Amino acid sequence: MSRIGKKPIEIPEGVEVTINERTIKVKGPKGELTWDYPVNIKPLLSDRKIIFERTGNTRLDKSLHGLVRSNVNNMVTGVLHGYQKVLEIIGIGYKAQVIGNKIVLNLGYSHPIEFSLPEGIKAYVDAKQTVITLTGVDKHKLGQVTANIRSLRLPDSYKGKGIRYSGEYLKLKAGKTGKK
């Protein structure tokens with residue numbers, strides 16, 4: 001029994017949900033998202049609530065039950081409020097700039113890196129050019145974009161230089177000590 005899959009999703013005011021044969025479409029003030037749900041799960045729409053039922057009782061069906069409910073809940077939250085991720089750039093001379101639909105990053109390499117943002121993701125850089133704020137309605141796409149940007153210069157385990165998530169804690173290694 002999936003406890004998460006059994007919970008109904010309340011549809012707030014200003015959000016429209018349309019269920020077709022295999023597609024769920026969620027439209028709200030921030031944008032619109034569509035998703036093809038698995039055949040094993042059947043969504044039912046009634047009284048501003050979405051309830052999910054599974055067609056079988058196999059292990060796969062049970063695992064998909066909670067997954068589908070979580071994905072649709074993330075879609076409803078995304079089109080209503082949106083999602084935000086913050087990246088911090090740490091290192092001398094490391095900085096970022098937003099130019100149109102691209103982020104130009106100087107990360108200590110011999111050349112600046114241009115990262116093109118996909119459609120639906122927006123970026124903002126603070127005045128010091130060391131904090132990147134990414135926003136979007138699709139939680140999965142936003143998380144993937146932030147992971148791709150972070151992978152351009154992973155945090156160093158000795159000095160901590162690189163790109164990290166806001167609030168991420170790194171345990172730094174002690175360097176070599178000289179001979180005496």
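Residues numbered from 1 in each chain as written. Predicted model: local features only at pLDDT ≥ 70, side-chain atom pairs only at ≥ 80, totals over all residues. Heavy atoms only, no water.

Asks: Help me understand the overall build of the protein chain, please; the structure alone is not making it clear to me.
Replies: In terms of helices and strands, the protein chain carries 3 helices and 13 strands. Taken over C-alpha atoms, the radius of gyration comes to 21 Å for the protein chain, far larger than the 16 Å a tight globule of 180 residues would show. Principal axes of the C-alpha set define a box for the protein chain whose edges measure 70 × 40 × 25 Å. (Helix = DSSP H or I, 4+ residues; strand = E, 2+ residues; numbered from the N terminus. Rg over C-alpha atoms; globule rule 2.2 N^0.38 Å.)

Asks: What am I meant to see in the pattern of salt bridges here?
Replies: Oppositely charged side chains are able to pair whenever their charged atoms sit close together. Tallied over the entire structure, the rule returns 4 salt bridges. Two residues, Lys102 and Glu114, come together in a salt bridge whose shortest N-O distance is 3.2 Å. Here Lys102 is found in strand S9 (residues 102–106), whereas its partner Glu114 is found in strand S10 (residues 113–116), with 12 residues between them in sequence. In this structure Lys102 comes out as partly exposed when scored by relative accessible area, which is 35%. (Salt bridge = Lys/Arg side-chain N within 4 Å of Asp/Glu carboxyl O. Buried < 20%, exposed > 50% of the residue type's maximum accessible area, 1.4 Å probe, protein only.)

Asks: How do you make sense of the side chain of Thr133 when you look at a structure like this?
Replies: Relative to the elements of secondary structure, Thr133 occurs in strand S12 (residues 131–136). Setting aside anything within four residues of it in sequence, one finds Thr133 in contact with Gln84, Lys85, Val86, Lys122, Ala123 and Tyr124. (Contact = heavy atoms within 4.5 Å.)

Asks: Help me out: how do you make sense of the sheet that holds strand S6 (residues 49–54) in this one?
Replies: Strand pairing in a sheet relies on backbone hydrogen bonds. The paired strands run either parallel or antiparallel. One open sheet accounts for 3 strands, arranged S1-S6-S5; its pairing is antiparallel. The strands lining the two open edges of the sheet, one partner per strand, are strand S1 (9–10) and strand S5 (41–46). Bridge count between S1 and S6: 2 bridges; the pairing is antiparallel. By the bridge assignment, Ile9 is partnered in S6 with Ile50. (Pairing = 2+ DSSP bridges.)

Asks: How should the sheet that holds strand S2 (residues 16–19) be read in this particular structure?
Replies: With antiparallel pairing, 3 strands are arranged side by side in an open sheet as S2-S3-S4. Both edges of this open sheet fall to S2 and strand S4 (32–36), since each of them pairs with a single strand only. Taken pair by pair, the neighbouring strands of this sheet meet at an average axis angle of 15°, ignoring direction. Pairing between S2 and strand S3 (residues 23–27): 4 bridges, direction antiparallel. (Axes fitted to C-alpha atoms, helices over the stretch in contact; angles between N-to-C directions.)

Asks: Whenever I open this one, helix H3 (residues 139–150) confuses me. Can you help?
Replies: Quick reminder: α-helices carry 3.6 residues per turn. Residues three or four places apart thus point the same way. For H3, built from 12 residues, the straight-helix expectation of 16 Å at 1.5 Å per residue is met to within 8% by its first-to-last C-alpha distance of 16 Å. Among all positions of H3, only Leu142, Val145, Thr146, Ile149 and Arg150 are buried. Along the long axis of H3, the arc covered by the buried residues comes to 135°, so they all point the same way. In this fold, the buried residues of H3 make contact with strand S7 (83–90), S9, S10, strand S11 (121–125), S12 and strand S13 (162–165). Measuring from the side-chain oxygen of the N-cap residue of H3 to the backbone nitrogen of His140 gives 3.3 Å; that N-cap residue is Asp138. (Expected span 1.5 Å × (residues − 1). Arc of directions from axis to C-beta. Polar contact = N/O pair within 3.5 Å; in protein donor to acceptor, adjacent residues only side chain to side chain.)

Asks: Looking at this model, I keep getting lost on the environment of Pro118. Mind explaining?
Replies: Topologically, Pro118 is positioned in the loop between S10 and S11. When the C-alpha positions of Pro118 and Asp138 are compared, they lie 11 Å apart, and in sequence the two are 20 residues distant. Setting aside chain neighbours within four positions, we find Pro118 in contact with Lys141 and Val145.

Asks: For this particular structure, what's the right way to read the nonpolar core?
Replies: Nonpolar side chains in soluble globular proteins tend to end up buried together. Residues Ile89, Ile103, Leu105, Leu117, Ile132, Leu134 and Ile149 are the most contacted members of the largest nonpolar core, which totals 19 residues. Secondary structure elements with two or more residues in this core: S7, S9, S10, S11, S12 and H3. Contacts of Ile89, omitting those with residues within four sequence positions, involve Tyr94, Lys95, Ala96, Leu105, Leu107, Gln129, Thr130, Ile132, Gly162 and Ile163. Of all hydrophobic cores here, the second largest spans 18 residues; its members include Ile9, Ile41, Leu64 and Val137. (Core = buried A, V, L, I, M, F, W, Y, C linked by side-chain atoms within 4.5 Å.)

Asks: Would you take a moment to explain the pairing of S5 for this structure?
Replies: Two faces make up the sheet, and in a regular strand the side chains alternate between them. Pairing geometry for S5 and S6, over 6 bridges, is antiparallel. Bridge pairing in S6 links Leu44 to Ile51. Linking S5 to S6, which pair antiparallel, is a turn of 2 residues; within it Asp47 sits at a positive phi near 55°.

It is worth stressing that arrangement in space is one thing and function is another; only the former is reported here.
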